[in-house]
Amino acid sequence: MNDVADTLGDFLRARREQLSPQEAGLPAGERRRVPGLRREEVAHLAGISPEYYLRLEQGRNQHPSDQILESLAAALQLDDDAVAYLHRLAHPTPPARRRRPRSPTGQADLQPLLDSWPLTPAYAQGTAGRVVAANRLAVALCPFFAVGSNPLRAVFLEPEMRSLYPQWDDVTAKAVSGLRSTLGIDDADPELLETIGELTVASERFRTLWARREVRRRAAGYTRFDHPVVGRLELRYEKLLRPEAQQLLVVYHADQGSPSAERLHLLSSL
């Protein structure tokens, strides 16, 4: 599937098309044939020649200087996560330095720890996106947090997930922008690439979000759940990267004394 391994030109084009002239401080002018800014407008805002910018989008110049990248980032109004991603695309880490051995012992390492948190839903994902360890409360919160499941695939393809997440549009947008932010850091797991390919074909929502090339790493935040047994839960999440094991630990917890804390306690007792 194309479009999984992003390129500098792809990223610039997608972000250019999402920025309106008004947002960039330019007059809208006559009717436009393309969405967002024109190439020459981005070049003007970045202080570079239109010909040079065209070469960047076409992939004929893939290694611009940091100064050029910062000018483009300002022109396209990129936030810190997107700027970091832009630099990674222009200056990728050599493959020989990226290779790290896979860790097959993630479940054995984490499972006892997760089991010791009876009131805290928690699970860990491997490089393929599959859950490699999870406690009982995480599975009670969502069956697709169980070991062997792939939460990314489930949120787009399983109908139950739309009912579980009342803010499904927001959850899916965060999932894709977070995935995009980490995909280029290391060699992507082949199974993860297969999942992206499957979702691109099977989910219009994923296909639309993936094409936007929005990049944002969210290590913490709030998620709402409409649980079929205990009702509405407003939980804070924390995402902790374990680079030595190439795993992501996801932990949910409720504000102390809140209705969600009471309902989470009830769920743990069932």
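Given the structure is predicted, the values throughout are model-derived calculations rather than measurements.

Criteria and cut-off values
Residues numbered from 1 in each chain as written. Predicted model: local features only at pLDDT ≥ 70, side-chain atom pairs only at ≥ 80, totals over all residues. Heavy atoms only, no water. Buried < 20%, exposed > 50% of the residue type's maximum accessible area, 1.4 Å probe, protein only. Helix = DSSP H or I, 4+ residues; strand = E, 2+ residues; numbered from the N terminus. Contact = heavy atoms within 4.5 Å. Patch = residues over 30% accessible without salt bridge, like charges linked within 9 Å, V, L, I, M, F, W, Y side chains within 5 Å. Areas by Shrake-Rupley, 256 points an atom, 1.4 Å probe, with all protein chains shown as cover. Salt bridge = Lys/Arg side-chain N within 4 Å of Asp/Glu carboxyl O. pLDDT = per-residue confidence, 0-100. Axes fitted to C-alpha atoms, helices over the stretch in contact; angles between N-to-C directions. Parallel < 35°, antiparallel > 145°, perpendicular 65-115°, else oblique. Left-handed = near helix turned anticlockwise from the far one by under 90°. Nonpolar A, V, L, I, M, F, W, Y, C, P; charged D, E, K, R; others polar. Pairing = 2+ DSSP bridges. Expected span 1.5 Å × (residues − 1). Polar contact = N/O pair within 3.5 Å; in protein donor to acceptor, adjacent residues only side chain to side chain.

Draft legend 1. Structural view of helix α1 (residues 8–18). α1 sits mainly inside the fold: eight of its eleven residues count as buried. Those residues of α1 that are buried are in contact with α2 (39–46), α3 (50–57), α4 (66–75), α5 (80–90) and α13 (204–212).

Draft legend 2. Quick look at the side chain of Thr172. Along the chain, Thr172 turns up in helix α11 (residues 168–183). Discounting residues that sit within four places of it in the chain, Thr172 has contacts with Val155, Phe156, Arg205 and Leu209.

Draft legend 3. Here's a closer look at a nonpolar patch on the surface. A contiguous nonpolar surface patch, about 300 Å² in accessible area, is contributed by Val229, Leu266 and Leu270. As for its position among the elements, Leu266 is in helix α14 (residues 259–269).

Draft legend 4. Spatial organisation of the confidence of the model for the protein. Per-chain confidence: the protein averages 89 in pLDDT, with 90% of residues scoring 70 or above. Averaged over each element, pLDDT in the protein is lowest for helix α6 (residues 95–98) (50) and highest for helix α8 (residues 136–141) (98). Below pLDDT 50 for its whole length, residues 101–106 participates in seven contacts with residues either more than four positions away or in separate chains.

Draft legend 5. The arrangement of the packing of α4 against α5 in detail. Running from N to C, α4 and α5 cross one another at 140 degrees; their axes reach a closest spacing of 10 Å. When the axis of α4 is compared with that of α5, the two are oblique. α5 is crossed by α4, and the crossing has right-handed handedness. In this structure, α4 contributes Asp66, Leu69, Glu70 and Ala73 to the contact, and α5 contributes Val83, Leu86, His87 and Ala90. Residues belonging to the contact of α4 with α5 are distributed by class as follows: five nonpolar, one polar and two charged.

Draft legend 6. Spatial organisation of the environment of Ser149. The residue Ser149 is located in the loop between α8 and α9 (151–157) in this model. For Ser149 and Val132, which are 17 residues apart along the polypeptide, the C-alpha to C-alpha distance reads 8.5 Å. Not counting chain neighbours up to four residues away, the residues in contact with Ser149 comprise Gly129, Arg130, Val131, Pro143 and Phe144.

Draft legend 7. Representation of the sheet that holds strand β2 (residues 131–134). One open sheet accounts for five strands, arranged β2-β1-β5-β4-β3; its pairing is antiparallel. Both edges of this open sheet fall to β2 and β3 (220–227), since each of them pairs with a single strand only. Looking at each pair of strands side by side, their axes are set apart by 25 degrees on average, direction ignored. When β3 meets strand β4 (residues 231–242), the two strands line up antiparallel, connected through eight bridges. Considered in β4, the bridge of Gly221 is made with Tyr237. Sheet strands in contact with α14 are β3 and β4, and its direction is about 80 degrees off that of β4.

Draft legend 8. Local environment of helix α12 (residues 190–202). The terminal C-alpha atoms of α12 lie 18 Å apart, and with 13 residues this matches the ideal 18 Å at 1.5 Å per residue to within 8%. Three or more residues of α12 are buried, namely Leu192, Thr195, Ile196, Gly197, Leu199 and Thr200. Buried residues along α12 sit in contact with α9, α11 and α13. A side-chain oxygen of the first residue of α12 lies 2.8 Å from the backbone nitrogen of Glu191; this N-cap is Asp189.

Draft legend 9. Looking closely at the environment of Asp81. For Asp81, the position within the fold is in helix α5. Considered as a pair, Asp81 and Arg217 are 136 residues apart in the sequence and their alpha carbons are 6.5 Å apart. Sequence-distant contacts of Asp81, defined by excluding residues within four places in its chain, comprise Val215, Arg216 and Arg217. For Asp81, the side chain forms a polar contact with the main-chain nitrogen of Arg217, separated by 3.0 Å.

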